[in-house]
Each structure stands twice: as C-alpha cells, then as structure tokens.
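Letter by letter, the chains look like this.
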Amino acid sequence: DSARFRFVIVPTVLAELDGLKRSRGGQTLGEKAEKAIRVIKGLRKQGSVLEGVTVAKTITVQMIPTEPRMADLPSWLDPDNQDDRIIGSLLEIQCAEPSTVVVLVTDDMNLQNKAEMAFLPWAEPPEFAPKPVAVPAT
C-alpha cells in the first residue's frame, strides 16, 4: 500500500533463477525463470541496477549484493538452504535500514512460513494472490 517502493533482488534469488532455468523436470518453470532473467538483463540496459533503476514513477528495482552473515542471524537458519539465505539477506537489509519496511514477495508457502518465524512481513505477487470467493448472502 506504499506510494513508493524499491524492489530488491539479492544474490540467492539470482542463484535460484539460474537453477530453475536449468531444471529439466518443469519446462514451464524453467521458461518462467529464463523470462525473469531476461527482464533483469533489460533492467541493466536501463541503468545501474546496483544504484537502482526506476521502472515506474514510484517503483525502483535494485540489486543488493549482500550475503547473510549466518552466524549473526537466528540459529534455526541453515546456511546451505536457499530459502534460509534469502531470509538472512532480508534480515541483513532490515538491520542496515531500520526505518525501512522490508517485505518478502513470494508465492512459496514454506518461504512465507519461514518469513513469519523471522518476523518478516510477506506478500504474494499479484498474479498468485488468491481471488476473492463470492459467498452467497443468507
């Protein structure tokens, strides 16, 4: 509900996209990952994604090359688990920018569960948000 926001991409997300694009089991998923990678490439052509690229008047996309310092984070986060590394990166960003509200955007239910455990707000991408169900009046 913010008037302005910054969409941040961390290295673990890029690693996940790379892995998904190479997956043989889910061709549709691999194609979606490849499309996301092309979108990021397009952003690089518009300017420095490290400084932030404005994609709409109030929306900026930025890549933040931060790896979580797992030893400083909750002990239940596993450094070998990609989801835990994403949570760790978001916690690092939140600590570095305490006045900023950091929201994880994902349709991955278990990543949402982990965000809850880390007290991080999360939201589903609009195309994945459940559609309202009409309930007949009684």
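As the structure is a computational prediction, the values presented were derived from the model and not from experiment.

**Student:** Provide a residue-level description of the sheet that holds strand β1 (residues 5-9), including the pertinent values.
**Tutor:** Overall, mixed pairing links the three strands, which are arranged β1-β3-β2 in an open sheet. Both edges of this open sheet fall to β1 and β2 (53-56), since each of them pairs with a single strand only. Each neighbouring strand pair of the sheet contributes to a mean axis angle of 30 degrees, computed without reference to strand direction. When β2 meets strand β3 (residues 59-63), the two strands line up antiparallel, connected through three bridges. Note on β3: the bridge partner recorded for Val 53 is Val 61.

**Student:** Outline the packing of helix α1 (residues 11-22) against helix α3 (residues 82-96), supporting the account with residue identities and numerical values.
**Tutor:** Interaxial distance between α1 and α3 falls to 8 Å at its minimum, and their mutual angle equals 155 degrees. By the angle class used here, α1 and α3 are roughly antiparallel. Crossing angle aside, the handedness with which α1 passes α3 is left-handed. Side by side, α1 and α3 meet where Thr 12, Val 13, Ala 15 and Glu 16 of the first sit next to Gln 82, Asp 83, Arg 85 and Ile 86 of the second. Among the residues forming the contact of α1 with α3, the class breakdown is three nonpolar, two polar and three charged.

What counts and how
- Residues numbered from 1 in each chain as written.
- Predicted model: local features only at pLDDT ≥ 70, side-chain atom pairs only at ≥ 80, totals over all residues.
- Heavy atoms only, no water.
- Pairing = 2+ DSSP bridges.
- Helix = DSSP H or I, 4+ residues; strand = E, 2+ residues; numbered from the N terminus.
- Axes fitted to C-alpha atoms, helices over the stretch in contact; angles between N-to-C directions.
- Parallel < 35°, antiparallel > 145°, perpendicular 65-115°, else oblique.
- Left-handed = near helix turned anticlockwise from the far one by under 90°.
- Contact = heavy atoms within 4.5 Å.
- Nonpolar A, V, L, I, M, F, W, Y, C, P; charged D, E, K, R; others polar.

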